[in-house]
Amino acid sequence: MYHVKQADIVIIGSGAAGTMSAIYAHRADPGLKVVVLDKSKMETSGGAGRGMDALNTVALPPYSQPEDVVELMTKVTEGILDQQVAYRFGEICPRMVADLEQIMEREKGDLFPVDENGNYRLMYLHPIDKPLLLPMDGEEMKRALAHAVRQTGAEVMDRTPAIKIVTSGGKVCGVLAVNIRTGHYYYIKTKAVCLTTGAAGRMGLASSGYLAGTYEFPGCSGDGYAMAYEAGAELVNMECFQANTLLKDHQGPSCGYVAAPRGAYTVNPWDERTWSHGYSSGDSKMGAWKRFTQGRGPIYLKMDHLDEQMIQIIEKIQWGNERTSRGLFHQSREQNYRNAHAVELAFAEEVGVCGGHSSSGVLSDTTGVSNVPGLYVAGDVDGGLPHSYLGGALAMGGLIGEEAAHYASGIPEPEQRTGLKAWLRKEAAEFEAPLGREGGLPTSLVEFKARARVQYYLKPPKNPVFLEKAAWWMERIRQEDLPRIQAVSLHDLFKVQEIKSILTVGEMMARSSLFREESRWGYQHWRVDMPAKKPEWEGVWVVIKKGEGGEMTLAKRQSPAHQWEYPTSMEYAYPDLEFDTGPMFQKGPEWKNPKDDPWMKAHLDAQGMATPRRFMAKEEN
Ligand SMILES: Cc1cc2nc3c(=O)[nH]c(=O)nc-3n(C[C@H](O)[C@H](O)[C@H](O)COP(=O)(O)OP(=O)(O)OC[C@H]3O[C@@H](n4cnc5c(N)ncnc54)[C@H](O)[C@@H]3O)c2cc1C
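Residues numbered from 1 in each chain as written. Predicted model: local features only at pLDDT ≥ 70, side-chain atom pairs only at ≥ 80, totals over all residues. Heavy atoms only, no water.

Colleague: An account of the pairing of strand β2 (residues 9-12) is requested, with residue identities and associated values reported.
Modeller: Here β2 shows two buried faces, one formed by I9 and I11 and the other by V10 and I12. Relative to strand β3 (residues 34-37), β2 runs parallel, the two being bridged by four bridges. Counterpart to I12 in the pairing with β3 is L37. Crossover handedness for the path β2 to helix α1 (residues 16-28) to β3: right-handed. (Buried < 20%, exposed > 50% of the residue type's maximum accessible area, 1.4 Å probe, protein only. Helix = DSSP H or I, 4+ residues; strand = E, 2+ residues; numbered from the N terminus. Pairing = 2+ DSSP bridges. Right-handed = clockwise from strand over helix to strand, strands pointing away.)

Colleague: Before we move on, could you go through the site of the ligand and cite the residues and values that matter?
Modeller: Taken together, 38 residues lie around the ligand, and A17, D38, A54, N56 and D380 are the ones closest in. A distance of 2.8 Å separates an oxygen atom of the ligand from a polar atom in the backbone of A17. Calculation on the ligand without its partners gives an accessible area of 1,000 Å², and the protein chains cover 99% of this total. Put simply, the parts of the chain that give the shell around the ligand at least two residues each are α1, β4 (52-55), α5 (223-230) and α10 (389-409). No other element matches β4, which puts four residues into the shell around the ligand. (Near = heavy atom within 4 Å. Polar contact = N/O pair within 3.5 Å; in protein donor to acceptor, adjacent residues only side chain to side chain. Areas by Shrake-Rupley, 256 points an atom, 1.4 Å probe, with all protein chains shown as cover.)

Colleague: Before we move on, could you go through the sheet that holds strand β12 (residues 245-247) and cite the residues and values that matter?
Modeller: Reading across from one edge, β12-β15-β14-β13 is the order of the four strands in this open sheet, with antiparallel pairing throughout. The open sheet has two edge strands with one neighbour each: β12 and β13 (265-267). Along the sheet, successive strands turn relative to each other by an average axial angle of 40°, direction set aside. Both β13 and strand β14 (residues 299-302) contribute to a ladder of three bridges, which runs antiparallel. (Axes fitted to C-alpha atoms, helices over the stretch in contact; angles between N-to-C directions.)

Colleague: Go over helix α2 (residues 66-76), please, and point to the residues and values.
Modeller: The buried fraction of α2 amounts to ten of the eleven residues, a majority that puts the element mostly inside the structure. Among all positions of α2, only P66, D68, V69, V70, E71, L72, M73, T74, K75 and V76 are buried. Along its buried surface, α2 packs onto α3 (83-103). Among the residues trailing α2, E78 stands out with phi positive, at a value near 55°. (Contact = heavy atoms within 4.5 Å.)

Colleague: Lay out helix α14 (residues 490-515) in plain terms, naming residues and giving numbers.
Modeller: For α14, spanning 26 residues, the distance from its first C-alpha to its last is 38 Å, which sits close to the expected 38 Å at 1.5 Å a residue. Among the 26 residues that make up α14, 20 are buried, leaving the element largely enclosed by the rest of the structure. (Expected span 1.5 Å × (residues − 1).)

Colleague: Provide a residue-level description of the state of the cysteines, including the pertinent values.
Modeller: Cysteine pairs can be linked by a disulfide, which is a covalent bond between their two sulfur atoms. In this structure the tally under the stated criterion is zero disulfides. Summary of cysteine pairing: C173 is not part of a disulfide, and the nearest cysteine sulfur, belonging to C194, is at 16 Å. Exposure remark for C173: the relative accessible area of 0% places this residue in the buried category. Free cysteine C240: the closest other cysteine sulfur is in C354, separated by 10 Å. (Disulfide = S-S within 2.5 Å.)

Colleague: If you had to explain unusual backbone geometry to someone new, which residues and values would you point to?
Modeller: Residues other than glycine predominantly adopt negative phi, and peptide bonds predominantly adopt the trans conformation. The omega angle of the peptide bond from P61 to P62 is 5°, so this bond is cis rather than trans. If you trace the backbone, P62 turns up in the loop between β4 and α2. Residue G297 is joined to P298 through a cis peptide bond whose omega torsion reads -10°. Relative to the assigned elements, P298 resides in the loop between α7 (282-293) and β14.

Colleague: Tell me what's going on with the layout of surface pockets, and back it up with residues and numbers.
Modeller: By volume, the second largest pocket is sized at about 1,000 Å³. Lining the second largest pocket are 38 residues, with K164, E230, E430, K500 and K546 positioned closest to its centre. For the lining of the second largest pocket, the secondary structure elements donating two or more residues are β7 (162-168), α5, α11 (420-432), α13 (464-481) and α14. In terms of residue class, the lining of the second largest pocket is made up of 18 nonpolar, six polar and 14 charged. (1 Å grid on protein atoms, 1.4 Å probe; cavity = no way out; pocket = protein on both sides within 12 Å on 5 of 7 lines; lining within 4 Å. Points joined across faces, edges and corners; volume = space filled by probe spheres on them. Nonpolar A, V, L, I, M, F, W, Y, C, P; charged D, E, K, R; others polar.)

Colleague: Before we move on, can you summarise the packing of α13 against α14 with the specific residues and values?
Modeller: Viewed as axis vectors pointing N to C, α13 and α14 meet at an angle of 155°, and their least axial separation amounts to 9 Å. Between α13 and α14, the crossing angle belongs to the class labelled roughly antiparallel. Relative to α14, α13 is oriented so that their crossing is left-handed. Contact residues: P464, L467, E468, A470, A471, M474, I477 and R478 in α13; I502, L503, T504, G506, E507, A510, R511, S513 and L514 in α14. Tallied by class, residues from the contact of α13 with α14 come to ten nonpolar, three polar and four charged. (Parallel < 35°, antiparallel > 145°, perpendicular 65-115°, else oblique. Left-handed = near helix turned anticlockwise from the far one by under 90°.)

Colleague: Could you give an account of the side chain of T245, naming the residues involved and the relevant values?
Modeller: Following the sequence through the fold, T245 ends up in strand β12. T245 has contacts with P253, S254, K285, L345, A346 and F347, leaving out every residue within four places of it along the chain.

Colleague: Outline the sheet that holds strand β17 (residues 375-377), supporting the account with residue identities and numerical values.
Modeller: Read from one edge to the other, the open sheet built from five strands follows the order β6-β3-β2-β10-β17, with strand pairing classed as parallel. Of all strands in the sheet, those bounded by a partner on one side alone are β6 (155-157) and β17. The mean angle between the axes of side-by-side strands here comes to 20°, regardless of whether they run parallel or antiparallel. Note that β2 and strand β10 (residues 192-195) share four bridges and pair parallel.

Printed below as a string of structure tokens:
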């Protein structure tokens with residue numbers, strides 16, 4: 001059943017960025033009609049759905065300045081950055097922090113720690129000598145943001161994921177969405193879209209083998225990346241992968257960002273430090289990869305040198321926020337932070353892409369707009385502001401809400417595409433087709449297959465043959481399996497949509513990895529056939545876009561000239577990986593049998609090549 005709605009702004013994804021977009025859009029122009037769509041339920045959805053214990057990267061004077069954010073991002077992206085976007089983020093951090101206190105109705109010094117002068121007390125974590133991490137008692141954050149959104153009067157449509165951003169004349173004009181519970185379709189005519197769908201986290205398979213056990217929020221299967229691509233947006237850094245260190249078997253974060261600023265660090269079983277800093281970037285992932293490849297795992301989070309008070313502080317944060325199951329998990333394994341080698345970490349190597357933890361996403365400018373007029377992006381799906389985590393999602397989420405409101409207030413209703421009704425019927429028929437299929441392939445099987453291929457062929461170290469195979473498999477699954485997939489419920493039907501997103505994002509990851517003919521960002525884009533950074537790729541984005549004929553097109557683009565001269569490299573070296581297989585294996589088997597195998601040749605001559613005997617038609621008497 002169809003419902004056509006009218007809005008000025010549609011926000012797709014009500015996580016951290018999306019909720020802030022709604023709040024700021026309302027503030028900028030309370031007269032605008034704002035619709036908020038989420039795949040899940042706004043109160044608990046997204047990466048920060050269960051609360052958060054820190055804003056990993058923010059600039060708050062006097063501890064740190066906007067330039068410090070620029071310095072960090074310049075370094076961790078190895079110079080491939082629009083510094084003006086980073087600076088803009090740094091500038092608006094203070095207002096975001098003040099707003100969050102107000103939205104959560106918390107006093108200064110209660111939600112975030114302050115020093116004796118009343119300044120927010122930031123901590124050190126990053127691979128530059130500046131404090132940029134702000135601890136937070138944010139267990140209630142998401143619920144408070146959701147409450148504030150509902151108070152704006154925005155129409156919140158939970159469990160109604162968007163499946164398409166519609167354009168007319170190259171500009172945003174609508175959003176197609178489906179309610180997972182009722183199966184009702186919504187076409188929402190709109191002037192602007194704030195795309196805040198989070199990371200493409202559910203991409204590769206976790207080493208645990210769990211299909212659902214991913215680090216990112218499970219709903220973040222790259223829909224936003226795929227929808228933006230289909231709508232004509234440009235995406236960058238899709239070859240700069242995200243890979244996480246997890247708490248072994250728990251599938252949650254490694255606790256590093258809670259423990260590292262408080263004196264913990266990672267060691268191997270010989271108590272050797274695994275890396276020089278505790279920040280999650282391509283160089284430290286390379287270090288973890290090397291440890292495991294050399295058989296020098298596991299990796300432990302070393303905390304037994306900390307005093308009792310600090311251990312209790314870490315326990316309180318670890319067990320109360322983000323993952324409330326973590327305390328129980330440790331308890332049932334008798335893992336006590338006071339003992340050596342108590343907390344085992346796993347380098348999951350589960351590849352995905354994310355603008356918040358890494359650099360991949362839709363290219364945006366200082367106003368958060370993409371190359372498609374009316375399409376704004378923020379948070380983990382945003383490739384314009386890398387490594388900005390929750391702070392970036394909140395601050396830039398607010399900014400795009402404001403910017404989208406200014407844009408929507410100033411333009412007339414966009415024209416709709418011609419033949420809209422017929423097009424909507426066609427879209428619905430295509431979307432629903434898997435529901436009617438008898439005896440088709442289960443969605444979980446196809447999802448497993450797609451993600452297993454992503455993991456097998458895309459996991460660094462990369463080589464061109466693996467990358468080609470990854471792209472080939474994405475297309476083959478699209479052609480061969482998608483037409484046979486069977487959905488048994490509405491929920492299952494949406495899984496099919498998610499698989500389509502996984503295939504599109506997987507292909508982007510493969511093609512941009514092939515296109516960037518060098519290695520960069522440590523583990524994140526390591527090609528064994530080209531294991532070095534190349535000068536011609538300095539400052540260069542790989543831009544992916546859907547071509548006129550529907551093909552994936554890739555191009556090199558120089559990122560804007562830097563205003564600030566900060567270091568543009570991390571410290572790591574790519575290893576030489578030609579392992580010696582030893583004298584026994586060098587020899588190879590002797591060839592002694594006849595070259596033409598007459599017995600088999602006789603069979604071939606009699607029966608032909610293609611058909612095994614059991615399939616041959618019986619001769620009639
Ligand atoms: C386990 C974990 C721990 C973290 N710890 C920290 C930390 O301590 N500090 C820090 O700064 N950062 C941390 N981060 C990162 C931070 O949570 C993210 O950067 C931030 O939440 C991103 O916000 P977002 O709004 O972009 O995405 P999300 O908050 O993930 O929201 C995306 C939303 O989009 C919705 N969605 C997806 N597809 C669709 C669709 N098709 N239609 C409609 N809705 C859709 C999802 O349901 C979800 O609600 C952590 C992340 C994780 C996963």
